[in-house]
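Here are the chains, one letter per residue:
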Amino acid sequence: MVAIDTTFLIDFYWQESPRHQIVVEMLRKWISSNTKIYVYYYCFNEFAHVISNPKRFETPYSIKEALQIADTWREMNNVQILFPNENSFGRTITWMSLYGLGRNRLNDTSMASCYANEGITELITANGKDFEIFNVFKIVDYNKTQVQNS
């Protein structure tokens, strides 16, 4: 089961990203092989927040465009959007405490908790270090173009 991080969405739509072509090829492969892609709901919020930021991008997307992109993904047949539940919320609290994580790690921990709760085995990200601590996924860090077994 394959899940993506927000970085994947940003790199896919930010065509000047040095990682753009890598994620385009990954998505093409998944679509052609009918691979189901899991996305934590908050990835779309984070994506819209980042991709519409004029301080980060010379020509940012409008918030309306970013939300239309999220809606397109929501309608894709091979995409399943995941939401937290009581179990994943409990795991988030446990992991935050167990690993001594601060407020800047809350969203990634919540995402990882939800993915772990759903049985996700592979996480695609450009920030593998953010998820290594949890030791529950095979992390494909396409920023490094290598696979790390956690």
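In this text, all values refer to a predicted model and were calculated from it rather than measured experimentally. (Residues numbered from 1 in each chain as written. Predicted model: local features only at pLDDT ≥ 70, side-chain atom pairs only at ≥ 80, totals over all residues. Heavy atoms only, no water.)

**Student:** Can you tell me about the packing of helix H5 (residues 86-98) against helix H6 (residues 106-117), naming the residues and giving the values?
**Tutor:** Interhelical geometry of H5 versus H6 gives an angle of 130 degrees and a closest axis separation of 8 Å. Put simply, H5 runs oblique to H6. In terms of crossing hand, the pair formed by H5 and H6 is right-handed. Of H6, the residues touching H5 (which contributes Asn 87, Ser 88, Arg 91, Thr 92, Trp 95 and Met 96) are Leu 106, Thr 109, Ser 110, Ala 112, Ser 113, Cys 114, Ala 116 and Asn 117. (Axes fitted to C-alpha atoms, helices over the stretch in contact; angles between N-to-C directions. Helix = DSSP H or I, 4+ residues; strand = E, 2+ residues; numbered from the N terminus. Parallel < 35°, antiparallel > 145°, perpendicular 65-115°, else oblique. Left-handed = near helix turned anticlockwise from the far one by under 90°. Contact = heavy atoms within 4.5 Å.)

**Student:** Break down the nonpolar core for me, citing the residues and quoting the values.
**Tutor:** Ile 4, Phe 8, Trp 30, Trp 73, Tyr 115 and Ile 124 are the most contacted members of the largest nonpolar core, which has 49 residues in total. Other than its neighbours up to four places away in sequence, Phe 8 contacts Val 23, Met 26, Leu 27, Trp 30, Trp 73, Ile 124 and Tyr 142. (Core = buried A, V, L, I, M, F, W, Y, C linked by side-chain atoms within 4.5 Å. Buried < 20%, exposed > 50% of the residue type's maximum accessible area, 1.4 Å probe, protein only.)

**Student:** Quick one: what's the story with the layout of surface pockets, residue by residue and with numbers?
**Tutor:** Here the largest pocket is characterised by a volume of approximately 300 Å³. If you go around the largest pocket, you meet 15 residues; those closest to its centre are Thr 7, Ile 10, Val 50, Arg 56 and Asn 127. Broken down by element, the residue count for the lining of the largest pocket peaks at four residues, all from helix H1 (residues 6-13). (1 Å grid on protein atoms, 1.4 Å probe; cavity = no way out; pocket = protein on both sides within 12 Å on 5 of 7 lines; lining within 4 Å. Points joined across faces, edges and corners; volume = space filled by probe spheres on them.)

**Student:** So what's going on with the side chain of Asp 11? Residues and values would help.
**Tutor:** Counting through the fold element by element, Asp 11 comes out in helix H1. Here Arg 19 takes part through its side chain, which lies 2.7 Å from a polar atom of the side chain of Asp 11. Those residues within four positions of Asp 11 in sequence are excluded, and the remaining contacts are Ser 17, Arg 19, His 20, Val 23, Ala 126 and Tyr 142. (Polar contact = N/O pair within 3.5 Å; in protein donor to acceptor, adjacent residues only side chain to side chain.)

**Student:** For helix H2 (residues 20-32), give the residues involved together with the corresponding values.
**Tutor:** The end-to-end C-alpha separation of H2 is 18 Å, in line with the 18 Å expected for 13 residues at 1.5 Å each. Of all the positions in H2, only His 20, Val 23, Val 24, Met 26, Leu 27 and Trp 30 are classed as buried. The buried residues of H2 occupy an angular sector of 165 degrees when the element is viewed end-on, so they sit on one face. The exposed residues of H2 that point more than 90 degrees off its buried face are Arg 28, Lys 29 and Ser 32. (Expected span 1.5 Å × (residues − 1). Arc of directions from axis to C-beta.)

**Student:** Which residues make up the pairing of strand S4 (residues 122-125), and what values do they have?
**Tutor:** Burial along S4 is two-sided: the residues Glu 122 and Ile 124 and Leu 123 and Thr 125 are all buried. Bridge count for strand S1 (residues 2-4) against S4 is three bridges, and the pairing is parallel. The partner of Val 2 across the bridge, within S4, is Glu 122. Judged from the four bridges that link them, S4 and strand S5 (residues 138-141) form a sheet pairing that is parallel. If you follow Glu 122 over to S5, its bridge partner there is Lys 138. (Pairing = 2+ DSSP bridges.)

**Student:** Let's hear about the environment of Phe 8: which residues, and what values?
**Tutor:** Note that Phe 8 resides in helix H1. With 116 residues separating them in the primary sequence, Phe 8 and Ile 124 have C-alpha atoms 7.3 Å apart.

**Student:** Kindly report on the packing of aromatic side chains, identifying the contributing residues and their values.
**Tutor:** The geometry of an aromatic ring pair is captured by the separation of the ring centres together with the interplanar angle, meaning the angle of the planes. A complete count under the given rule lists 12 aromatic pairs for this structure. On the basis of an interplanar angle of 85 degrees and a centroid distance of 6.2 Å, the ring pair of Phe 8 and Tyr 142 is categorised as edge-to-face. One end of the pair, Phe 8, is in helix H1; the other, Tyr 142, is in the loop between S5 and strand S6 (146-149), with 134 residues separating them in the sequence. In this structure, Phe 8 and Tyr 142 share a single accessibility class: buried. Pairing Tyr 13 with Tyr 61 gives two aromatic rings, centres 6.4 Å apart and planes at 90 degrees, and the pair type is edge-to-face. One end of the pair, Tyr 13, is in helix H1; the other, Tyr 61, is in the loop between helix H3 (41-51) and helix H4 (63-75), and 48 residues separate them in sequence. Note on Tyr 13: relative accessible area 17%, which makes it buried. (Phe/Tyr/Trp six-rings, centres within 6.5 Å; stacked < 30°, edge-to-face > 60°.)

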